[in-house]
Amino acid sequence: MPPSYDSLLAKLIVSGRDRPEALARLRAALAHCEIGGVATTLGMHEKLAANPEFEAGGVDTAFLERCLHG
């Protein structure tokens, strides 16, 4: 995909009665996503959604660095 196009191919929005329900729906939705022909960040989002710190809601500006590289 040429870089001149918006990198947003799709948007995934989930909701639930509470955070655990919304996270369960997020994980299920990510597991069922199929996008072909281009590289995606689905794996990164699955890793983030599985992170206990994210699950607890304890994220800050350094969270991505800790989760993805640490």
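Residues numbered from 1 in each chain as written. Predicted model: local features only at pLDDT ≥ 70, side-chain atom pairs only at ≥ 80, totals over all residues. Heavy atoms only, no water.

Draft legend 1. View of the overall build of the chain. Within the chain, the regular secondary structure consists of four helices and zero strands. Each helix and strand of the chain, placed in order from N terminus to C terminus, yields the pattern α-α-α-α. Counting across all 70 residues of the chain, residues that qualify as buried make up 16%. Within the chain, contacts between residues at least 6 apart in sequence are counted, and of these 26% link residues at least 24 apart. (Helix = DSSP H or I, 4+ residues; strand = E, 2+ residues; numbered from the N terminus. Buried < 20%, exposed > 50% of the residue type's maximum accessible area, 1.4 Å probe, protein only. Contact = heavy atoms within 4.5 Å.)

Draft legend 2. A look at the confidence of the model for the chain. Averaged over all residues, the pLDDT of the chain is 87; the fraction at 70 or higher stands at 89%. Here helix α4 (residues 63-69) stands out as the least confident element of the chain, with mean pLDDT 85; helix α1 (residues 19-32) is the most confident, with 96. (pLDDT = per-residue confidence, 0-100.)

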